[in-house]
Amino acid sequence: MDRGEPIRIRGRKEFGGKVEGEALVSPLPLEGFANVDPVNGYTTERGHPLFKVPYEGKILVFPAPRGSGGFMGYGRGEKLPAAFLHTEGNTLSVACVMCARVPAMTDFDRDPVDVIETGDWVAVNADEGYIDVFKGGKTAE
Amino acid sequence: MYVTDDEKRILDGARGAIARLSMEFLIEMSEVAGAERLVDLDGTADMHTPWTSLVPHYEFPIEDLRALAENGEKFKVPTFANKTPLPICTIHDGWEYCDCPPHNTKEGHERMMEREWMALYKKMGMLTVHSCDYYLAMTYWPTQGQHCSWNESSAIPYCNAILGARTNIDGCFMTAYLGKVPYYGMHVPENRYATVVVDTERRIGSDVEWDVFGFAVGEECGLAVPALVNTGKPTTSQILKFNTASNTGGSIAMYHIPGTTPEAPTLEYALGGRKPKREIRIGEDRLRASYEKLNSHRGDRVDMVSLGCPHYGMVDLMLLARKLEGKKVRVPFWIMTIPWLFELAEREGFKKVFDDAGATLVSGTCPAAMGGCPPGVRSLAVDSAKQAYYITGCYPEEDNRLDLFYGTQDDCIDAAITGIWRGEWR
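1. Points about the overall build of chain A
Here is step 1 of the chain: Secondary structure summary: chain A contains two helices and 12 strands in total.
Here is step 2 of the chain: The C-alpha atoms of chain A give 14 Å as radius of gyration, which agrees with the globular expectation for 141 residues (14 Å, within 12%).
Here is step 3 of the chain: Along the first, second and third principal axes, the C-alpha set of chain A runs to 45 × 25 × 25 Å.
Here is step 4 of the chain: Within chain A, the fraction of its 141 residues that count as buried is 61%.
Here is step 5 of the chain: Sequence separation of 24 or more characterises 62% of the internal contacts of chain A that already satisfy a separation of 6 or more.
Here is step 6 of the chain: Total accessible area computed for chain A in this model is approximately 5400 Å², and 50% of it derives from carbon and sulfur atoms.
Here is step 7 of the chain: Distance between charge centres in chain A, computed from 16 positive and 21 negative side chains, equals 4 Å.

2. Focus: the interface of chain A and chain B
Here is step 1 of the chain: Taken residue by residue, the interface counts 34 residues in chain A and 42 residues in chain B.
Here is step 2 of the chain: Overall, the association of chain A and chain B removes approximately 3000 Å² of surface from exposure, summing both partners, and the carbon and sulfur fraction of that is 56%.
Here is step 3 of the chain: A per-residue breakdown of the area chain A buries against chain B is headed by Arg46(A), Thr91(A) and Met98(A), which together make up 26% of the total.
Here is step 4 of the chain: Viewed at the interface, chain B and chain A are joined by three salt bridges.
Here is step 5 of the chain: Of the charged contacts, one joins Arg66(A) and Glu219(B) as a salt bridge, the two residues approaching to 3.0 Å between their closest N and O atoms.
Here is step 6 of the chain: Summed over the shared surface of chain A and chain B, the result is 18 residue pairs in polar contact (both at pLDDT 80 or more).
Here is step 7 of the chain: Listed by contribution, the elements that provide at least two residues to the side of chain A that touches chain B are β2 (12-15), β8 (65-66) and α1 (91-100) of chain A.
Here is step 8 of the chain: In terms of residue count, the dominant contributor to the side of chain A that touches chain B is α1(A) (seven residues).
Here is step 9 of the chain: Looking at the side of chain A that touches chain B, its residues break down into 14 nonpolar, nine polar and 11 charged.

3. Re the packing of α1(A) against helix α2 (residues 17-33) of chain B
Here is step 1 of the chain: Where α1(A) meets α2(B), the closest approach of the two axes is 9 Å, and the angle between their N-to-C directions is 120°. The orientation of α1(A) with respect to α2(B), classified from their angle, is oblique. Pair α1(A) / α2(B) crosses with right-handed handedness. Contact residues: Val94(A), Val97(A) and Met98(A) in α1(A); Phe25(B), Glu28(B), Met29(B), Val32(B) and Ala33(B) in α2(B).
Here is step 2 of the chain: Here the contact of α1(A) with α2(B) is built from residues that sort into seven nonpolar, no polar and one charged.

4. Details of the pairing of strand β11 (residues 121-125) of chain A
Residues and elements named next belong to chain A.
Here is step 1 of the chain: The element β11 is extensively covered by neighbouring structure, given that five of its five residues are classed as buried.
Here is step 2 of the chain: Where strand β3 (residues 18-25) lies against β11, five bridges are found, and the strand directions are antiparallel. Considered in β11, the bridge of Glu22 is made with Trp121.
Here is step 3 of the chain: Pairing of β11 with strand β12 (residues 130-134) involves five bridges; the strand directions are antiparallel. Its bridge partner lying in β12, Trp121 is registered against Phe134.
Here is step 4 of the chain: Between β11 and β12, which pair antiparallel and follow one another directly, the connecting turn spans four residues, one of which, Gly129, has a positive phi of 80°.

5. Brief notes about the sheet that holds strand β7 (residues 278-282) of chain B
Residues and elements named next belong to chain B.
Here is step 1 of the chain: Ordered by their spatial adjacency, three strands build an open sheet running β6-β5-β7, and the pairing between neighbours is parallel. A strand with exactly one partner marks an edge of an open sheet, and here the two such strands are β6 (226-228) and β7. The average angle at which neighbouring strand axes cross in this sheet is 25°, direction not considered.
Here is step 2 of the chain: By the bridge criterion, five bridges tie strand β5 (residues 196-200) to β7 in an arrangement that is parallel. Counted as the bridge partner of Asp199 is Arg281 from β7.
Here is step 3 of the chain: Across the face of the sheet, helix α8 (residues 207-221) comes into contact with β5, β6 and β7 while running at roughly 145° to β7.

6. So, the sheet that holds strand β9 (residues 83-86) of chain A
All names here are of chain A.
Here is step 1 of the chain: Strand order in this open sheet of eight strands is β1-β12-β11-β3-β7-β9-β10-β2, and the pairing throughout is mixed. Each end of this open sheet is capped by a strand with a single partner; those strands are β1 (7-10) and β2. Direction aside, neighbouring strands of the sheet carry axes that sit 30° apart on average.
Here is step 2 of the chain: Sitting on the sheet, α1 is in contact with β2, β9 and β10 (104-106), with an inclination near 165° to β9.

7. Brief notes about the domain arrangement of chain B
Bring the parts together and some accessible area is lost; that lost area is often taken as the interface size.
All names here are of chain B.
Here is step 1 of the chain: Domains assigned within chain B are domain 1 (5-189), domain 2 (193-292) and domain 3 (296-418).
Here is step 2 of the chain: For domain 1 and domain 3, the distance between their C-alpha centres works out to 28 Å.
Here is step 3 of the chain: Each side of the interface is counted separately: domain 1 has 28 residues, and domain 3 has 20 residues.
Here is step 4 of the chain: Both faces considered, domain 1 and domain 3 share a buried interface measuring about 1900 Å² in area, 66% of it formed by carbon and sulfur atoms.
Here is step 5 of the chain: Linking domain 1 with domain 3 are one salt bridge.
Here is step 6 of the chain: Glu152 serves as the salt-bridge partner of Lys386, at 3.3 Å between the closest nitrogen and oxygen.
Here is step 7 of the chain: Where domain 1 touches domain 3, the interface holds eight residue pairs in polar contact (both at pLDDT 80 or more).

8. Observations concerning helix α12 (residues 314-324) of chain B
Residue and element names in this part refer to chain B.
Here is step 1 of the chain: Regarding α12, the residues found buried are Asp316, Leu317, Leu320, Ala321 and Leu324. The arc that holds the buried residues of α12, viewed along the axis, is 135°, so those residues lie on one side. Seen from the buried face of α12, the exposed residues on the opposite side, beyond 90 degrees, are Val315 and Arg322.
Here is step 2 of the chain: Phi for Gly326, located one or two positions after α12, is positive at around 80°.

What counts as what
Residues numbered from 1 in each chain as written. Chains lettered and ligands numbered in written order. Predicted model: local features only at pLDDT ≥ 70, side-chain atom pairs only at ≥ 80, totals over all residues. Heavy atoms only, no water. Helix = DSSP H or I, 4+ residues; strand = E, 2+ residues; numbered from the N terminus. Rg over C-alpha atoms; globule rule 2.2 N^0.38 Å. Buried < 20%, exposed > 50% of the residue type's maximum accessible area, 1.4 Å probe, protein only. Contact = heavy atoms within 4.5 Å. Areas by Shrake-Rupley, 256 points an atom, 1.4 Å probe, with all protein chains shown as cover. Lys, Arg positive; Asp, Glu negative; His and termini not counted. Charge placed at Lys NZ, Arg CZ, Asp CG, Glu CD. Buried area = accessible area lost by both parts, 1.4 Å probe. Salt bridge = Lys/Arg side-chain N within 4 Å of Asp/Glu carboxyl O. Polar contact = N/O pair within 3.5 Å; in protein donor to acceptor, adjacent residues only side chain to side chain. Nonpolar A, V, L, I, M, F, W, Y, C, P; charged D, E, K, R; others polar. Axes fitted to C-alpha atoms, helices over the stretch in contact; angles between N-to-C directions. Parallel < 35°, antiparallel > 145°, perpendicular 65-115°, else oblique. Left-handed = near helix turned anticlockwise from the far one by under 90°. Pairing = 2+ DSSP bridges. Domains from an automatic or database assignment. Arc of directions from axis to C-beta.

As structure tokens, this is what we get:
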């Protein structure tokens, strides 16, 4: 294996499944309703670090949801993240995960926003309650 | 997860396919949320229409809803319609006077009001108040400790913090029909205690201060339950401003104002006798930073003014009518209210004052929920942190940007009369 030993962190399964992919990390909470565009698959929140950064197929990592029930926009449409990993959640993220029906986890033993950086390769095993983080991406030495 | 015998029978199909589908939805929601059981509702519910589920996977067609309604099936608890039907919330009243096709056409209006769906929901007992703050007009409030299923971020703390009833943000057909929700979050007494104490440098007193403070508290506290100390005592309108703004900057389902809100006779009680995890102070710099974040404009020319996010109640309309008496506005000026109050505002003479001033009373929606302003509007002035922060999301393209002016109601009125923004943080 050419990508080194992963960092494994454990969390609680919200929605089951296994998937691997490149991480997209939001250092700030994400906000739905008019501030997400599910057709194009990016946030339209002004001044947000992920403004217009596509999340389709990414392991979307964020600290928490905020705002309106329209947060579930992140889980609607065709351009979905490959998985959701978030530090904490409430009914907003619950409904979003149920909409998207992709692997999702929260309540980790280490904060995923601290551990994971955008571009890291992450193997999500929601069924068994852990993720493996490969720093520096899929082919890092 | 613990499932009662009655709930198992529903899962086995004893009450039909839609009851089973609704129960499957609730059980999945419990599993995702980490809830170990369901709880029976004894308060009220609201939902966004016309969708039959919060989640597309569980939606069912109108034929099945018709069969239920014709079979005499009813919602388990009093259930209210939130805003006008999705996905584009059209104008309930006053649409004829708004220059924004297709909302101002009879055909467009009728189509977007989803009459066929709404007739079936009404047959099942829904009260079609169609507002984000329908609770101002509902004439029937859940009492302290009752379990509810509401679905409007700005309304959630009105239920939890102000009424002392209990809700997460999960109101939908399936919770209202079965009269059950997952038992977690704000339904659990332990989770309702404050964990953060928020102090302020300035005594929060005016409407705009409660709004900007709410946005800052939301950003600082995230999902936590704060106890607010050293604020003024908020009016009802200010409570709505705080609730709405704190659910834009964050997701504050519950908070306490010791000596004011029902679960906080004292700060110690609000904290459940424990030490807070965090103590923060919202200083002058923080308030100013929030005010500036809510503003997003380059020039000072205002094309449109929109007030009433969340929808204005009767006292708000009366006070605004007092300010607009004898004035003339020179740009489109929307005043948004609750459909159930529209005719009342007409009867009380407020609508005539607005009409005479050149303003338009509209109900049931707002520019952000409509997906943007009427065509040609390049700059908007608002008195709401929520409206200010969301609506620019409808204009992400640099060559199609919307200049957004946020400030006090008086700043907005001045802008409507002069066409120029002169507001600033004071």
